[in-house]
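Each chain is listed here by its residues.
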Amino acid sequence: MTPKDSNITLIGMPSSGKSTAGVLLAKRLGFSFVDVDIVIQEREKRLLKEIIAQEGLDGFLEVENRVNASLDVDHSVIAPGGSVIYGKEAMEHLSRISTVVYLKLSYEEVERRLGNLVDRGVALKDGMTLRDLYDERVPYYEKYADITVDETGQTVGDTVDYLRGVMERRLGLYGR
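Residues numbered from 1 in each chain as written. Predicted model: local features only at pLDDT ≥ 70, side-chain atom pairs only at ≥ 80, totals over all residues. Heavy atoms only, no water.

1. Considering the overall build of the protein
Now for step 1: Helix and strand content of the protein: eight helices and five strands.
Now for step 2: Reading the protein from its N end, one meets helices and strands in the order β-α-β-α-α-β-α-β-α-α-α-β-α.
Now for step 3: Whereas a compact globule of 176 residues would reach a radius of gyration of roughly 16 Å, the protein reaches 16 Å, a difference of no more than 12%.
Now for step 4: Along the first, second and third principal axes, the C-alpha atoms of the protein reach 50 × 35 × 25 Å.
Now for step 5: The burial tally for the protein puts 51% of its 176 residues in the buried class.
Now for step 6: Residue pairs at least 24 apart in sequence account for 72% of intrachain contacts in the protein once pairs closer than 6 positions are excluded.
Now for step 7: For the protein, the computed accessible surface area is about 8,700 Å², with 49% contributed by carbon and sulfur atoms. (Helix = DSSP H or I, 4+ residues; strand = E, 2+ residues; numbered from the N terminus. Rg over C-alpha atoms; globule rule 2.2 N^0.38 Å. Buried < 20%, exposed > 50% of the residue type's maximum accessible area, 1.4 Å probe, protein only. Contact = heavy atoms within 4.5 Å. Areas by Shrake-Rupley, 256 points an atom, 1.4 Å probe, with all protein chains shown as cover.)

Put into C-alpha cells, the structure is as follows:
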C-alpha cells in the first residue's frame, strides 16, 4: 500500500457532505476521521470565525494552508474546508498522502443546501456571490481530484457505499 492509498481526502463545496460522508466512510473502512476545521481550531485555540475576524480571509487561508500541509495521519478520511484548494502546499501534501475525492454537486443543489450563507459559516470576499464562489472553485476541485463522485440524485448513503467499494478494491480491504 502506498502512502497515497492510506488516506482519503474529501474535497468539495460547503454542504457537499465532506463531514457527513467522511464520518460514515471512516466507520465503514475502519479508518479515523479528521475534520480539519476542528484541527485548525485546536491548533489556533480560536474558532474559525475568530481567525477570519482577526486576520481576514487571506490570513485564514494561510492558516488553513499551513495546517493542511502539516497533517500527519494514516488510515484516515480527511475532511478539509471547501477553501483548501486555494492552498498550493496543502493540496500538494494531501495529494501525496491520500486519494483525493471530489464530491461534486450542481450549483442549484449547493444553493439549496446552504440556505443562509452567514448561518453556514461560508466566508465570501466582498462583492462575491455564491455563484461566483462556485464557478471559481469547481476548476480547482476538478484539477486535484483523483476520483470525482457526482452526487446528483444520490443520498449520503449512496455516496458512502460507492466510495467504500472503490476504496476497498484499491486497498484490498475486502471483508473489513
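2. Some thoughts on the nonpolar core
Now for step 1: If you look at the biggest cluster of nonpolar residues, it comprises 35 residues, and the most contacted ones within it are Ile11 and Met91.
Now for step 2: For this core, the secondary structure elements donating two or more residues are α2 (36–44), α3 (48–69), α4 (88–97), β4 (99–104), α5 (107–114) and α7 (130–144).
Now for step 3: Contacts of isoleucine 11, omitting those with residues within four sequence positions, involve Lys18, Pro80, Val84, Ile85, Met91, Val100, Val101, Tyr102, Leu103, Tyr141 and Tyr144.
Now for step 4: Judged by nonpolar contacts, the second largest core, of 17 residues, contains Ala21, Phe31, Val77 and Leu163. (Core = buried A, V, L, I, M, F, W, Y, C linked by side-chain atoms within 4.5 Å.)

3. Section: the packing of α5 against α7
Now for step 1: Running from amino to carboxyl end, α5 crosses α7 at an angle of 130°, the nearest separation of the two axes being 11 Å. Classified by the angle between their axes, α5 and α7 sit oblique to one another. Handedness of the α5/α7 crossing: right-handed. Two secondary-structure elements touch here, α5 through Tyr107, Glu108, Val110, Glu111 and Leu114 and α7 through Leu130, Arg131 and Tyr134.
Now for step 2: Across the contact of α5 with α7, the residue classes break down as five nonpolar, no polar and three charged. (Axes fitted to C-alpha atoms, helices over the stretch in contact; angles between N-to-C directions. Parallel < 35°, antiparallel > 145°, perpendicular 65-115°, else oblique. Left-handed = near helix turned anticlockwise from the far one by under 90°. Nonpolar A, V, L, I, M, F, W, Y, C, P; charged D, E, K, R; others polar.)

4. Topic: the pairing of strand β1 (residues 7–11)
Now for step 1: Of all five residues in β1, five are buried; the element is thus mostly enclosed.
Now for step 2: Burial along β1 is two-sided: the residues Asn7, Thr9 and Ile11 and Ile8 and Leu10 are all buried.
Now for step 3: When β1 meets strand β3 (residues 76–79), the two strands line up parallel, connected through three bridges. Within β3, the residue paired with asparagine 7 across the bridge is serine 76.
Now for step 4: Where β1 and β4 come together, four bridges link them in parallel fashion. By the bridge assignment, threonine 9 is partnered in β4 with valine 100. (Pairing = 2+ DSSP bridges.)

5. Let's talk about the packing of aromatic side chains
Now for step 1: For the coordinates displayed, the defined rule picks out three aromatic pairs.
Now for step 2: Between tyrosine 86 and tyrosine 140 the ring centres are 5.6 Å apart and the planes differ by 75°, which places this aromatic pair in the edge-to-face class. Of this pair, tyrosine 86 sits in the loop between β3 and α4 while tyrosine 140 sits in helix α7, and the two are 54 residues apart along the sequence.
Now for step 3: Residue classification places tyrosine 86 among the partly exposed positions, given a relative accessible area of 27%.
Now for step 4: The class of tyrosine 140 is partly exposed, set by a relative accessible area of 32%. (Phe/Tyr/Trp six-rings, centres within 6.5 Å; stacked < 30°, edge-to-face > 60°.)

6. Notes on α2
Now for step 1: Among the residues of α2, those classed as buried are Val36, Val39, Ile40 and Glu44. Down the axis of α2, the buried side of the element spans an arc of 115°, and every buried residue falls inside it.
Now for step 2: Along its buried surface, α2 packs onto β2 (32–35), α3 and β3.
Now for step 3: Measuring from the backbone nitrogen of aspartate 37 back to the side-chain oxygen at the start of α2 gives 3.0 Å, which picks out aspartate 35 as the cap. (Arc of directions from axis to C-beta. Polar contact = N/O pair within 3.5 Å; in protein donor to acceptor, adjacent residues only side chain to side chain.)

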